[in-house]
Amino acid sequence: MKNIILLGAPGAGKGTQAALIHEEFDIPHISTGDILRRNIKEGTPLGVKAKSFIDAGELVPDEVVIGLVEQRLQEEDCKNGYILDGFPRTIPQAESLDKVARIDIALNIDVPFDVIMERMSGRRMCACGETYHVSTLGGATTCKKCGGELYIREDDKPETVANRLKVYEAQTQPLIDYYRKQGKLKDVNAVGAIDEIFENVKKALQ
Ligand code: AMP
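Quick notes on the rules
Residues numbered from 1 in each chain as written. Predicted model: local features only at pLDDT ≥ 70, side-chain atom pairs only at ≥ 80, totals over all residues. Heavy atoms only, no water. 1 Å grid on protein atoms, 1.4 Å probe; cavity = no way out; pocket = protein on both sides within 12 Å on 5 of 7 lines; lining within 4 Å. Points joined across faces, edges and corners; volume = space filled by probe spheres on them. Nonpolar A, V, L, I, M, F, W, Y, C, P; charged D, E, K, R; others polar. Helix = DSSP H or I, 4+ residues; strand = E, 2+ residues; numbered from the N terminus. Near = heavy atom within 4 Å. Polar contact = N/O pair within 3.5 Å; in protein donor to acceptor, adjacent residues only side chain to side chain. Areas by Shrake-Rupley, 256 points an atom, 1.4 Å probe, with all protein chains shown as cover. Axes fitted to C-alpha atoms, helices over the stretch in contact; angles between N-to-C directions. Contact = heavy atoms within 4.5 Å. Buried < 20%, exposed > 50% of the residue type's maximum accessible area, 1.4 Å probe, protein only. Pairing = 2+ DSSP bridges. Expected span 1.5 Å × (residues − 1). Phe/Tyr/Trp six-rings, centres within 6.5 Å; stacked < 30°, edge-to-face > 60°.

Looking at the second largest pocket, its volume works out to about 210 Å³. In terms of lining, the second largest pocket is formed by 14 residues, of which the most central are L73, C78, Y82, V100 and A101. Tallied by class, the residues present in the lining of the second largest pocket amount to six nonpolar, four polar and four charged.

So, in structure tokens, the structure goes:
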């Protein structure tokens, strides 16, 4: 299997598609956002360092996340491919990654900004990592997978969302050209139902 990167604005649905790729192809789903949130919850030194950046909708410093990902990619389960979700997010992160990994494909999960706002305002999370949208929950307030209580991410508040989108435009969007120049970019139309979008993802991965 391939070494895959998922690019796309916050709220584009990278995490949802990464989870589906993980299930279909049995390769690890590595989400830097999930790793950082887990560290915050556990109160580790990394979590303490990351919290103020995340709460403000800013990026955690490159050297922090780069070290984290480099370590994770050395684990045994990454030998047969992996999906990076939310990393790289800056050009220096992409350049560091190119030094330690061979990326095969960068999927650009492409969604217009107005759809993003709608998705993020309805997003609900579970501590186990599952993500839902209120429109598909039918009023349920617990996770379908583990039964945990669902909650709204602190950084999904409207004022933080606006800042995250600004940060995305300034720092992450340039990666689209970075990977296009390397001939690795595939655009995925990501408006519509989750399973339809996953069909587009699978086509792009072929
Ligand atoms: P995410 O769950 O991918 O939306 O990430 C949530 C937050 O974690 C982001 O808004 C950043 O503050 C931080 N974060 C996640 N991945 C990275 C990264 N690759 N570089 C810097 N900060 C990150």
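So much for the structure itself; the text now carries on.
The step from F87 to P88 runs through a cis peptide bond, and the omega angle for that step is -5 degrees. Relative to the helices and strands, P88 resides in the loop between β3 (82-85) and α5 (91-100).

Around the ligand, the surrounding shell holds 16 residues, and the nearest of these are T32, R37, E58, G86 and Q93. Here E58 contributes a backbone N or O atom positioned 2.5 Å from an oxygen atom of the ligand. When the ligand is considered free in solution it has 470 Å² of accessible area, and contact with the protein chains removes 96% of it. For the shell around the ligand, the element with the most residues is helix α2 (residues 32-42), which contributes four residues. Residue classes in the shell around the ligand are distributed as six nonpolar, four polar and six charged.

On to the packing of helix α8 (residues 158-172) against helix α9 (residues 174-181). Interhelical geometry of α8 versus α9 gives an angle of 35 degrees and a closest axis separation of 6 Å. On α9, the residues touching Y168, E169, A170, Q171 and T172 of α8 are P174, L175 and I176. Looking at side-chain class alone, the contact of α8 with α9 contains five nonpolar, two polar and one charged residues.

This next bit is on the pairing of strand β4 (residues 105-110). Counting buried positions along β4 yields five of six residues, so the element is predominantly enclosed. Looking at chain direction, strand β1 (residues 3-7) and β4 are connected through four bridges and run parallel. The partner of I4 across the bridge, within β4, is I105. The sheet contact formed by β4 and strand β7 (residues 185-189) spans five bridges and is parallel. Of the residues in β7, the one forming a bridge with I109 is V188.

Moving on, we come to α8. Compared with an ideal rise of 1.5 Å per residue, which puts 15 residues at 21 Å, α8 spans 20 Å between its outermost C-alpha atoms and is within 8% of the ideal. Of the residues making up α8, those classed as buried are T160, V161, N163, R164, L165, V167, Y168 and T172. Packing partners of the buried residues in α8 comprise α3 (45-55), α6 (113-121), β5 (123-125) and α9.

Attention now goes to the environment of A12. Relative to the elements of secondary structure, A12 occurs in the loop between β1 and α1 (14-25). The residues touching A12, leaving out its near neighbours within four places in the chain, are I109, V111, I116, R119 and A190.

Residue placement: K51 occurs in helix α3. Its relative accessible area of 39% is what places K51 among the partly exposed residues. Taking the C-alpha atoms as reference, K51 lies 9.7 Å from K41; in sequence the two are ten residues apart. A distance of 2.5 Å separates a polar atom in the side chain of K51 from a polar atom in the side chain of D55.

With that out of the way, let us pick up the packing of aromatic side chains. Evaluated as defined, the whole model comprises one aromatic pair. Taking 5.0 Å as the distance between ring centres and 80 degrees as the angle between the ring planes, the aromatic pair formed by Y178 and Y179 counts as edge-to-face.

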